[in-house]
Amino acid sequence: MRLLIIEDDRDAADYLAKAFREVGHVADLASDGEEGLAHALDGQYDVLIVDRMLPKLDGLSIIGTLRNKGIETPALILSALGQVDDRVKGLRAGGDDYLAKPYSFSELLARTEVLARRHGGREEMVYRVGDLELDRLSHRVTRGEAEIVLQPREFRLLEYLMKHAGQVVTRTMLLENVWDYHFDPQTNVIDVHISRLRSKIDKGFTQPLLQTVRGAGYMIRDGK
Amino acid sequence: MTANNIALPGDSDAAGLASPPHGEGRALAAQPPSQLARKFAGRTTALGKLLRTTAFKLTLVYMTVFALFAAFLLGYFAWNTRRLITEQITETVDAEIEGLSEQYRLGGIRRIAFAIENRSRRPGSSLYLLTTAAGEGVAGNVGSLATGIIDNPGWSETIYRRVDEQDSSEHHALVRVDQLPGGFRLLVGRDLEERERLYDIVLAAGRWSGAIVLVLGLAGGFFVTRRVLTRIDAMSQTTRTIMQGDLHERLPIAGTGDELDRLAGNLNAMLERIEALMGGLKEVSDNIAHDLKTPLTRLRNNCEEALRAAKSEGEYRLALERTIAESEALIRTFDALLVIARAESGHARDNMVTFDAAEIARGIGELYEPLAEEKGVTLKVEAAAVAWVHGSRELISQALANLVDNAIKYGARAGSADHAEIVLAAAERGDRVLLSVADGGPGIAEADRARVLERFVRLEQSRSESGSGLGLSLASAIARLHGGELTLASNHPGLVTTISLPRTAAPSPLA
């Protein structure tokens, strides 16, 4: 994955670039808005990570300019402003995801990878992971021969996990995308939902599909 | 009667501008000579200030209007009276001429001359003069006349002197000259003294009323202005005290219910609000100091401890993990504080929509139900079909989530007996929509209920649970942002927390 990080805080940018390189991605840096826009215009990137407040040209303007020129590279906005209306503004300006500072790297990584993959798009009607099958049209879930009965929310939770099969999804991503809540629920309610789901799809099968990624989130994949 | 004439020491205005404010001048009662000049300046300032007040300017305007009105009234009265007097004179003169002409017709020149002599002798008589065609006097009581008067028949005004008068003073008269058959000329007239006396009276009245208007107006103006100024000065004084930081002060209210009282009342209400906000701010900073510094200290201690004592990589790792956990808790607290601050400042009013609160309750119920079950609590949702409210769906969800989270954390423990139950309800009551969370836990003593709505307050028995201590104050701030309130009550046993919101009409299907 090729990334462009537009961030004026030198330390933060270096830390991000280093961390992304460690997990095997290519990361370029730009330290102000104009430089960032120039890079984004002529480079081939999978994802842009754009700080909202930048010298010379702010993050939302960069994304706006790119979208006007028909460049649809997915962009993740980083911002100290984390309220719902700030987020709405960011997404309306053409951002694809929004992450409030301070964030954990694992959260940023998970979201970036999902954005990069989304570009290819996995929008089949039937998702398959190992012998687990989810039919988005008939809302049927089966594992092997057995049919699994899920509550509507459990279905959507599994659907989201399977859509991003092989990728880490964080608790916040689940809360935002499956429940559409953007606040902190104090307690880790998501964990309990996951363990319920796990008991339905993995219990009694030798091969567990839904895995917990320590310090990051969850991932569904064929463990073979 | 114009403003220019009554302006007091002409340069007092200029002095007023250059000198210290009034209050200071007053305060310098017994000061060393070097400050006497300032004191004097202070006094002229007071006068200058008085003259510059709106009340005084208004007085001047009123005075001018009143004077103009009085002048007009007086003029109208004088003009009418003069007309009346002139009319009376003409009528009298016409009648006399008619009578005398009759005498002449009946008895010739002798009879008319006799009649004139007779009439002349009566007190307060008119003026008579009968002359031949050549102008020689035949009878009458007029000694002298302006030249040419007797030659012009008809009405005219003239100066005259009576025959029997000793002094040489001349009087004005309105006379009519008539040509009698046989060439004789008859003049009859009345003295105009009456009219002139009236003129004098009017003039005097004008002068006096002018003076009275001026004096009374100025005095009244000064009086009213001083009264207003005294109150305004008192207000300014208080305002200055308040600006120096004493927010407890309030503006004086005279109790008359006039516009100044209303203004003072509104300003006091504003001060009340500012004081409350400042108080809140102070409380927040105090609490931040306490509740954010405590975890920060722990954070730092962890790191120091690791640096000092950790030997193995595992120990370092553990310390770092603890550090991250602590910082995450800090971020959480910080986020909650930001949401509260936004809600309290009213900033979050953008993005408000009409939505179904019952659906929110069902959603939150669904989100927390597995967690409740894990803790051995039944979470029951009793939601009305629909309950429309206007506001931020996200914030209301967050508030409700906090209440449910609290109920699961604190409300479940005492109910360890068989099964604890939490009821999440959404209902319409009158013009309110009530979102309530009822648990069967230990509840909160009545004395503590108001306190737990404050930021960071966590009762001793709950210190062991994780949480920022901001849940209830956050819910309360969100409720207030929506024009509602958060109330705590007993559930016998347990606690009911209720967010009461104004109900709105269902959105139109087109919206």
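The structure under discussion appears in the preceding block.
Here is a short report on the structure shown in this document. (Residues numbered from 1 in each chain as written. Chains lettered and ligands numbered in written order. Predicted model: local features only at pLDDT ≥ 70, side-chain atom pairs only at ≥ 80, totals over all residues.)

Regarding the sheet that holds strand β3 (residues 47-51) of chain A
Residues and elements named next belong to chain A. One open sheet holds the five strands; their spatial order is β2-β1-β3-β4-β5, and the pairing between them is parallel. Only two strands of the sheet have a single partner each, and these edge strands are β2 (26-30) and β5 (97-100). Taken over all neighbouring pairs, the strand axes of this sheet differ in orientation by 20 degrees on average, direction set aside. Note that β3 and strand β4 (residues 75-79) share four bridges and pair parallel. Across the sheet, leucine 48 pairs through a bridge with alanine 75, a residue of β4. Sitting on the sheet, helix α1 (residues 10-22) touches β1 (2-6) and β2, and the angle it makes with β2 is about 165 degrees. On top of the sheet, helix α3 (residues 59-68) reaches β1, β3 and β4; it is set at about 145 degrees to β3, its chief contact. (Pairing = 2+ DSSP bridges. Helix = DSSP H or I, 4+ residues; strand = E, 2+ residues; numbered from the N terminus. Axes fitted to C-alpha atoms, helices over the stretch in contact; angles between N-to-C directions. Contact = placed C-beta atoms within 7 Å.)

Notes on the interface of chain B and chain A
If you look at the interface, chain B gives 20 residues, while chain A gives 19 residues. Looking at the side of chain B that touches chain A, the elements that each hand over two or more residues are α8 (313-345), α9 (357-374) and α10 (393-410) of chain B. Among the residues making up the side of chain B that touches chain A, the classes are represented as six nonpolar, six polar and eight charged. (Nonpolar A, V, L, I, M, F, W, Y, C, P; charged D, E, K, R; others polar.)

Here's the deal with the packing of α8 of chain B against helix α12 (residues 471-481) of chain B
Residue and element names in this part refer to chain B. One way to put it is that α8 packs onto α12 with a least axis distance of 8 Å and a crossing angle of 25 degrees. It follows from the interaxial angle that α8 and α12 lie roughly parallel. In this structure, α8 crosses over α12, and the sense of that crossing is left-handed. Of the residues in α12, those touching α8 at Ala336, Val339, Ile340, Ala343 and Glu344 are Ser473, Leu474, Ala477, Ile478 and Leu481. Here the residues of the contact of α8 with α12 sort into eight nonpolar, one polar and one charged. (Parallel < 35°, antiparallel > 145°, perpendicular 65-115°, else oblique. Left-handed = near helix turned anticlockwise from the far one by under 90°.)

Thoughts on the pairing of strand β8 (residues 140-143) of chain A
Residues and elements named next belong to chain A. Of the two faces of β8, the one lined by Val141 and Arg143 is fully buried and the one lined by Arg140 and Thr142 carries no buried residue. Judged from the four bridges that link them, strand β7 (residues 132-135) and β8 form a sheet pairing that is antiparallel. The partner of leucine 134 across the bridge, within β8, is valine 141. The antiparallel hairpin formed by β7 and β8 contains four residues in its connecting segment, where histidine 139 sits at a positive phi of about 60 degrees. (Buried ≥ 20, exposed ≤ 12 C-beta atoms within 10 Å, placed from the backbone.)

Points about the packing of α9 of chain B against α10 of chain B
Two numbers describe a pair of packed helices, the interaxial angle and the distance between the axes. Residues and elements named next belong to chain B. Here α9 crosses α10 at 35 degrees, and the two axes come no closer than 10 Å. The way α9 lies across α10 gives a crossing that is right-handed. For the pair α9 and α10, the contacting residues are Ala357, Ile360, Ala361, Gly363, Ile364, Leu367, Tyr368, Leu371 and Ala372 in the first and Arg393, Ile396, Ser397, Leu400, Ala401, Val404 and Ile408 in the second.

Quick word on the nonpolar core
All names here are of chain B. If you look at the biggest cluster of nonpolar residues, it comprises 108 residues, and the most contacted ones within it are Ala357, Ala361, Ala399, Leu400, Val404 and Ile478. When neighbours within four sequence positions are excluded, alanine 361 is seen to be in contact with Val381, Ala383, Leu400, Leu424, Ala426 and Leu435. Ala115, Leu129, Val188 and Leu192 belong to the second-largest nonpolar core, a separate cluster that totals 23 residues. (Core = buried A, V, L, I, M, F, W, Y, C linked by C-beta atoms within 7 Å.)

Quick notes on the pairing of strand β6 (residues 126-129) of chain A
Residue and element names in this part refer to chain A. Because side chains alternate across β6, one face comprises the buried residues Tyr127 and Val129, and the other comprises Val126 and Arg128, none of which is buried. Bridge analysis of β6 against β7 gives four bridges, and the strand direction is antiparallel. Residue pairing across strands places tyrosine 127 opposite leucine 134, the latter belonging to β7.

A short note on unusual backbone geometry
Residue and element names in this part refer to chain A. A cis geometry characterises the amide bond from lysine 101 onward to proline 102, with omega recorded as -5 degrees. Within the secondary structure, proline 102 sits in the loop between β5 and α5 (105-120). Phi at lysine 56 is positive, roughly 70 degrees, even though this residue is not glycine. Within the secondary structure, lysine 56 is located in the loop between β3 and α3. The class for lysine 56 is partly exposed, based on 14 C-beta atoms found within 10 Å. We note that histidine 139 has phi near 60 degrees; this positive angle belongs to a residue other than glycine. Among the secondary structure elements, histidine 139 is positioned in the loop between β7 and β8. With 12 C-beta atoms counted inside 10 Å, the residue histidine 139 sits in the exposed group.

So, the sheet that holds strand β8 (residues 377-383) of chain B
Residue and element names in this part refer to chain B. In space, the five strands of this open sheet follow the order β8-β10-β11-β13-β12, with mixed pairing throughout. At either end of the open sheet lies a strand with only one pairing partner, and these are β8 and β12 (485-490). For this sheet, the mean angle separating the axes of adjacent strands, direction not counted, is 15 degrees. Sheet topology places strand β10 (residues 420-429) next to strand β11 (residues 432-438); seven bridges connect them, and they run antiparallel. Residue pairing in the sheet places arginine 429 in a bridge with arginine 432 of β11. Most of the contacts of α10 go to β11, to which it runs at about 25 degrees, and overall it touches β8, β10, β11 and β13 (495-502). Its contacts with the sheet put α12 on β12 and β13, and the angle it makes with β12 is roughly 130 degrees.

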